[in-house]
Amino acid sequence: MNDVARHAGVSSQTVSRVANGLDNVGESTKERVLASMRELGYRPNSAARALRSGRFRDIGVAMFTLSSYGNMRMLDAITQAASELGYSLTLDLMREPTQRAVSGAVTRLLDQGVDGIVMMIEAELTDSAMAELPAGLPVVVNTSTARTDYPVVDGDQAAAGRLATEHLLDLGHRTVWHVPGPVSSYSAMRRRDAWAATLRAAGREVPEVLQGDWTAESGYRVGLSIAERDDITAIFASNDQMALGLMRALHEAGKDVPGDVSIVGCDDTTESASYWPPLTTVHQDFEEQGRQAVHAVVAEIENGPVTPARILAPVWLVERSSTGRPRA
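Residues numbered from 1 in each chain as written. Predicted model: local features only at pLDDT ≥ 70, side-chain atom pairs only at ≥ 80, totals over all residues. Heavy atoms only, no water.

(A) Fine view of the sheet that holds strand β1 (residues 58-63). With parallel pairing, 6 strands are arranged side by side in an open sheet as β2-β1-β3-β4-β5-β10. Each edge of the open sheet is held by one strand with a lone partner, namely β2 (88-93) and β10 (310-313). Going across the sheet, the axis of each strand differs from the next one's by a mean of 20 degrees, ignoring polarity. Looking at chain direction, strand β5 (residues 152-155) and β10 are connected through 4 bridges and run parallel. Its bridge partner lying in β10, glycine 155 is registered against alanine 313. Its contacts with the sheet place helix α11 (residues 286-303) against β1, β3 (116-120), β4 (139-142), β5 and β10, and it is angled at close to 160 degrees to β4. (Pairing = 2+ DSSP bridges. Helix = DSSP H or I, 4+ residues; strand = E, 2+ residues; numbered from the N terminus. Axes fitted to C-alpha atoms, helices over the stretch in contact; angles between N-to-C directions. Contact = heavy atoms within 4.5 Å.)

Following this line, the structure appears as structure tokens:
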């Protein structure tokens, strides 16, 4: 910094202001300092800056898997939003949904010098509602759990289940069958509960669930098991991959979608418009969830503790060709 100051003919304090992005430096002076930095190959020492300020400008993300569509879209949005705010990202993957795994992830992230953490807790922990985190640590949770002691960002999972079910009932189907995700999943259970509540509110039969596990293979197995039945005319699958497996099994059995069976998915994956037929689905705004999570944790980092709030990103129905009125 002293070398840059001598080269530019300014004080070291002026170099510090420019390096830290402060705006109390004249434009011509700033340009002269930046030119000297480039010529001398100067880069601010982030570790030294963190020691002075107590901040590393790094956000930790703890999550269980990178294999799900929603998690990957969320992580991409978190990365972009963090970069826009001048923060880097440190990722830690937990191997199992336990309190011990969560605590270990938090410890590893804090050892890396993160300022706050976004916890992506999709699955219910097997030994605790959620691990207790260090007091004063800025934390935002992405989950459908009802926990309220940390700020929560999520999609409106109940609205997703309701919109899908109402759409099929509005088309004239007597009832709607459901293929939920695994029972350990918060979002799957919120969608399932909303599906059942919507049917009850409409005075319709609530059929037994046709259990899936998020994979297209599980949707295919369900489709094979119902292919010969004529009493099932409408199905809400809790994600688009299971809907894809359903459609394949029904096509193989000679069933027409939507002529014989209407199908609604959930998530609106980038491929869902290219299914055959193109899939009616509920759009989840994972990008908005990621942005909201980053802005919430940065607000805690920079302004101190906040009153825990629940932020629900909107969802909406995308109507395509996999749904229609039942045959007369």
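(B) Molecular detail of the environment of valine 114. Note on placement: valine 114 falls in the loop between α6 (99-111) and β3. In this structure, the C-alpha to C-alpha distance between valine 114 and proline 138, residues 24 residues apart in sequence, is 9.9 Å.

(C) Focus on the pattern of salt bridges. Going through the model one piece at a time under the given rule, you end up with 15 salt bridges. The partner of arginine 229 in a salt bridge is aspartate 231, with the nearest N and O atoms 2.7 Å apart. For arginine 229, a relative accessible area of 30% puts it in the partly exposed group. (Salt bridge = Lys/Arg side-chain N within 4 Å of Asp/Glu carboxyl O. Buried < 20%, exposed > 50% of the residue type's maximum accessible area, 1.4 Å probe, protein only.)

(D) Representation of the packing of aromatic side chains within the structure. Per the stated rule, a full pass over the model turns up 1 aromatic pair. For the ring pair tyrosine 69 and phenylalanine 286, a centre distance of 5.9 Å and an interplane angle of 75 degrees mean the geometry is edge-to-face. Taken together, the residues span a long stretch of sequence, with tyrosine 69 in helix α5 (residues 69-84) and phenylalanine 286 in helix α11 at a distance of 217 residues. Comparing tyrosine 69 with phenylalanine 286, the two get one shared label, buried. Directly above the ring of tyrosine 87 sits arginine 57, whose terminal nitrogen or CZ lies 4.3 Å from the centroid. The ring of tyrosine 220 carries arginine 248 above its face, with NZ or CZ at 4.0 Å from the centroid. (Phe/Tyr/Trp six-rings, centres within 6.5 Å; stacked < 30°, edge-to-face > 60°. Lys NZ or Arg CZ within 6 Å of the ring centre and 35° of its normal.)

(E) Broad picture of the environment of glutamate 166. Here glutamate 166 shows up in helix α7 (residues 157-170). Taking the relative accessible area as the measure of exposure, glutamate 166 reaches 31% and is therefore partly exposed.

(F) Here's a closer look at the sheet that holds strand β7 (residues 234-237). Read across the open sheet, the 5 strands follow the order β6-β7-β8-β9-β11; overall the sheet is mixed. Edge positions in the sheet fall to β6 (177-179) and β11 (315-318), since each has one partner strand and no second. Neighbour-to-neighbour, the strand axes of the sheet open up by a mean angle of 20 degrees, direction not taken into account. Direction of pairing for β6 relative to β7: parallel, over a ladder of 3 bridges.

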